[in-house]
Amino acid sequence: MDGLILLRPWWLLALLPLAGLILLRAARAPDAGGWERVMGRDMLRAMQALGALGGRQPLWMRLLAPLALAALICGLAGPAVPRSDAPVLAQADAVVLALDLSPSVAQGPGLDQAKLAAAGLAQALSGRPVGLLLFSGEAFTAAAPTLDVGSLQTQIGVLDGDTMPAGGSRPAAAIGMAAQMLAGLLRADLVLISDGGGIDRQAVAEADRLAAQGVRLWALRLTERAAEAPAAPPEALDRLVRGGEAMDWDRMDRLAARLARSGGSVRDPVLQALQYRDLGPWLAMLALPPLLVMLRRLE
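Residues numbered from 1 in each chain as written. Predicted model: local features only at pLDDT ≥ 70, side-chain atom pairs only at ≥ 80, totals over all residues. Heavy atoms only, no water.

This part takes up the side chain of D195. Among the secondary structure elements, D195 is positioned in the loop between β6 (188-194) and α9 (201-212). By relative accessible area, which is 5% here, D195 ends up buried. A polar side-chain atom of D195 sits 2.6 Å from a polar atom in the side chain of S104. A distance of 3.0 Å separates a polar atom in the side chain of D195 from the backbone nitrogen of G197. Once you skip the residues sitting within four places of it in the chain, D195 turns out to touch D100, S104, V105, L222, R225 and A232. (Helix = DSSP H or I, 4+ residues; strand = E, 2+ residues; numbered from the N terminus. Buried < 20%, exposed > 50% of the residue type's maximum accessible area, 1.4 Å probe, protein only. Polar contact = N/O pair within 3.5 Å; in protein donor to acceptor, adjacent residues only side chain to side chain. Contact = heavy atoms within 4.5 Å.)

This is the structure in structure tokens:
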């Protein structure tokens, strides 16, 4: 089954001693009600052949109890499949994309690079909630972290040079807004997609504050700028990276792979259980038939 996981896999370790119990019961000597300890082997065999003593139980009868235990253990391991009606936990394990729409980007070929990088990351990170911030002289929230990749890509697709109402470039504003959006999360990442303009002491201070919250900061460097805009130092974005890496925008696939791998390393078991349908109780019910047969034999 696609997407099958185990919510409590450590319970499977209990199958090891159970396997030993099954081997012992399968190889157990004939049970003759205690007579086997005082009668010779030939006499015991003859008395059993005459039907005077209870014979050895069939193998399937001796395995009823182990089979019931095996079903219970497998049920306790929690086999589960993804729920189609699972609640969207948009604030768990989020990634926020901060998109630079300052004039040096929005009025030149860097805009296409920024949109391609943002759309590519949103698609590649479809397993994690992704949010979108836009910034120039000020920062604005375009989308809170969401699993709806389609709506996010639609918003990215309509961005143009007139999207932001003011000029300037203040990455510090975007990092500060991301800190508010990601506050309190066990794991989160911010990806700054920018040409490196406007990085100052305040931006570095905001990056330090974000890192103190446990949020990693990555950067995708746009390599094209508007013709009249002064070029930013190539290493400018490196000053803001905290726990991540700065790379050119066309290496977004590499960045997406690293974010996708790291996103599942910290999981809240309660949140995970909400995303999956636990089949354990149904599997444990398979223990009922052998138990009922055993009870019937005891009557």
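It is worth spelling out the packing of helix α8 (residues 171-181) against α9 at this point. Running from N to C, α8 and α9 cross one another at 20 degrees; their axes reach a closest spacing of 8 Å. The angle between the axes of α8 and α9 places the two elements in the roughly parallel class. Relative to α9, α8 is oriented so that their crossing is left-handed. Packed against α8, whose contacting residues are A172, I175, G176, A178 and A179, the element α9 presents Q202, A203, E206, A207 and L210 at the interface. Partitioning the contact of α8 with α9 into residue classes produces seven nonpolar, two polar and one charged. (Axes fitted to C-alpha atoms, helices over the stretch in contact; angles between N-to-C directions. Parallel < 35°, antiparallel > 145°, perpendicular 65-115°, else oblique. Left-handed = near helix turned anticlockwise from the far one by under 90°. Nonpolar A, V, L, I, M, F, W, Y, C, P; charged D, E, K, R; others polar.)

Attention now goes to the pattern of salt bridges. Per the stated rule, a full pass over the model turns up 11 salt bridges. As a salt-bridge pair, R221 and D248 come within 3.0 Å of each other at their nearest N and O atoms. In this pair, R221 sits in strand β7 (residues 215-221) while D248 sits in strand β8 (residues 243-248), placing the two residues 27 residues apart along the sequence. A residue is classified by how much of its surface remains accessible, and R221, at 18% relative accessible area, is buried. Across the pair R258 and E245 runs a salt bridge, and its minimum N-O distance is 2.4 Å. Remark: E245 occurs in strand β8 and R258 occurs in helix α10 (residues 252-263); sequence separation between them is 13 residues. Overall, R258 belongs to the partly exposed group, its relative accessible area being 29%. Among the charged side chains, a salt-bridge network with shared partners connects R128, D189 and R216. (Salt bridge = Lys/Arg side-chain N within 4 Å of Asp/Glu carboxyl O.)

All right, on to the environment of Q107 then. Among the structural elements, Q107 can be located in the loop between α5 (103-106) and α6 (110-124). Separated by 53 residues in sequence, Q107 and D160 have C-alpha atoms that sit 8.4 Å apart. Ignoring anything within four residues of it in the chain, the contact list for Q107 reads G161 and A226. Among the polar contacts made by the side chain of Q107, one reaches the main-chain carbonyl oxygen of G161 at a distance of 3.2 Å.

Moving on to α8. Within α8, nine of the 11 residues are buried, which leaves the element mostly enclosed by the surrounding structure. Listed as buried for α8 are P171, A172, A173, A174, I175, G176, A178, A179 and M181. If you follow the buried residues of α8, they end up packed against β3 (94-100), β4 (130-135), β5 (139-146), β6, α9 and β7.

For the rest of this paragraph, the subject is the sheet that holds β5. Across the sheet, six strands lie side by side as β5-β4-β3-β6-β7-β8; this open sheet has mixed pairing. Of all strands in the sheet, those bounded by a partner on one side alone are β5 and β8. For this sheet, the mean inter-axis angle between neighbouring strands, taken without regard to orientation, is 15 degrees. Direction of pairing for β7 relative to β8: parallel, over a ladder of four bridges. Within β8, the residue paired with L217 across the bridge is G243. Seen against the sheet, α6 touches β3, β6 and β7 and runs at an angle of roughly 160 degrees to β6. (Pairing = 2+ DSSP bridges.)

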